[in-house]
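Residues per chain are reported as follows:
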Amino acid sequence: MFLDEVSYTREATALGRVYKINHEGKDYYLPSVTTILKHGTKTCDYMSKHRAYLNGGSQQLTTLAIDRGNQVHALIESYFKKTLKRSELDALHLKGEGEVLSMFFTLVRLLRQLNPISVEGTVFSLKEHFAGTVDFVGELKQTGETILLDWKTSLKNIVTGK
């Protein structure tokens with residue numbers, strides 16, 4: 001269920017982010033997907049190693065990657081809201097953000113094949129006891145099939161399937 005259909009707040013706790021959701025007059029406290037993953041053994045081991053790696057001098061690269069991801073996500077959101085302006089693209093070009101523009105234009109061919117239901121939408125499940133934000137939920141125009149997508153902006157060429 002999408003959280004825009006109910007009242008909710010995000011709260012930081014000692015264990016991580018929790019969504020306080022009021023559904024049908026009752027309050028539920030659901031951990032975010034990131035919080036759940038953070039507490040998994042393999043994820044914790046990986047994140048500890050990743051943080052140690054970043055502390056070895058790659059923090060600037062991580063900051064650049066986060067900025068790149070945020071910019072691509074913002075362009076995709078503007079594309080689907082039909083608010084994307086040429087001036088936004090020109091400003092990125094002038095700032096030397098060629099990677100951002102290249103990633104976005106690579107995705108445009110896919111974006112044209114999609115009908116959005118929710119972009120950057122917050123979802124929750126009382127049955128599965130979690131909440132979180134998904135990049136895209138929509139339909140393939142050609143088949144009407146509902147899909148969930150998570151945009152990735154790594155410089156590595158990674159392709160994953162079902």
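Residues numbered from 1 in each chain as written. Predicted model: local features only at pLDDT ≥ 70, side-chain atom pairs only at ≥ 80, totals over all residues. Heavy atoms only, no water.

Novice: Any chance you could explain unusual backbone geometry here in plain terms?
Specialist: The bulk of non-glycine residues show a negative phi, and the bulk of peptide bonds are trans. A positive phi angle is found at Glu 120, which is not glycine, with a value near 55°. Relative to the assigned elements, Glu 120 resides in strand β4 (residues 114–125). (Helix = DSSP H or I, 4+ residues; strand = E, 2+ residues; numbered from the N terminus.)

Novice: How should the pattern of salt bridges be read in this particular structure?
Specialist: When charged atoms on two side chains of opposite charge get close, those side chains can pair. Evaluated as defined, the whole model comprises 5 salt bridges. A salt bridge links Asp 27 to Lys 20; the nearest nitrogen and oxygen atoms lie 3.9 Å apart. A salt bridge links Arg 68 to Glu 99; the nearest nitrogen and oxygen atoms lie 3.6 Å apart. Residue Arg 68 is located in helix α2 (residues 41–81), and its partner Glu 99 is located in helix α4 (residues 98–111); the two are separated by 31 residues in the primary sequence. Judged by its relative accessible area of 10%, Arg 68 falls in the buried class. (Salt bridge = Lys/Arg side-chain N within 4 Å of Asp/Glu carboxyl O. Buried < 20%, exposed > 50% of the residue type's maximum accessible area, 1.4 Å probe, protein only.)

Novice: Looking at this structure, I do not really get the side chain of Thr 122. What am I missing?
Specialist: With respect to the element layout, Thr 122 can be found in strand β4. Residue classification places Thr 122 among the buried positions, given a relative accessible area of 9%. A distance of 3.4 Å separates polar atoms of two side chains, one belonging to Thr 122 and the other to Arg 10. One polar contact links Thr 122 to Thr 133, side chain to side chain, over a distance of 3.5 Å. (Polar contact = N/O pair within 3.5 Å; in protein donor to acceptor, adjacent residues only side chain to side chain.)

Novice: Help me understand the sheet that holds strand β1 (residues 7–13) in this model?
Specialist: Strand-to-strand pairing in sheets goes through backbone hydrogen bonds, with the strands running parallel or antiparallel. Pairing is antiparallel in the open sheet, where 3 strands are placed in the order β1-β2-β3. On the outer flanks of this sheet lie β1 and β3 (26–31), each paired with one strand and no other. Taken pair by pair, the neighbouring strands of this sheet meet at an average axis angle of 25°, ignoring direction. Pairing geometry for β1 and strand β2 (residues 16–23), over 7 bridges, is antiparallel. Bridged to Glu 11 within β2 is Val 18. (Pairing = 2+ DSSP bridges. Axes fitted to C-alpha atoms, helices over the stretch in contact; angles between N-to-C directions.)

Novice: What's the story with the pairing of β2 in this structure? I'm lost.
Specialist: For a regular strand, the rule is simple: side chains alternate between the two faces of the sheet. Hairpin connection from β1 to β2: 2 residues lie between these consecutive antiparallel strands. Pairing analysis gives 6 bridges linking β2 to β3, with the strands arranged antiparallel. For Asn 22, the partnering residue across the bridge sits in β3 and is Asp 27. Connecting β2 to the next strand, β3, in antiparallel fashion are 2 residues, including Glu 24 with a positive phi near 55°.

Novice: Is there a simple way to think about the pairing of strand β6 (residues 146–149) in this case?
Specialist: Summarising the sheet, strand β5 (residues 130–140) and β6 pair through 4 bridges and their orientation is antiparallel. From the neighbouring strand, Glu 139 faces β6, where its bridge partner is Thr 146. Here β5 folds back onto β6, and the loop between the two strands holds 5 residues, one of which, Gly 144, carries a positive phi near 80°.

Novice: Can you help me understand the nonpolar core in this one?
Specialist: Generally speaking, nonpolar side chains in soluble globular proteins are found buried as a group. Among the nonpolar cores identified, the biggest contains 17 residues, and Ile 76, Phe 104, Leu 111, Leu 114 and Trp 151 are the most heavily contacted of them. Elements supplying a minimum of two residues to this core: α2, α3 (86–94) and α4. Considering every element that reaches this core, the biggest residue donor is α4, with 7 residues. Beyond its immediate stretch of four places on either side in the chain, Phe 104 contacts Leu 75, Ile 76, Tyr 79, Leu 84, Leu 89 and Leu 111. Counting residues in hydrophobic clusters, the runner-up holds 6 residues, among them Ile 21, Leu 30, Phe 124 and Ala 131. (Core = buried A, V, L, I, M, F, W, Y, C linked by side-chain atoms within 4.5 Å. Contact = heavy atoms within 4.5 Å.)

Treat this as a map of the structure, not an account of what it does.
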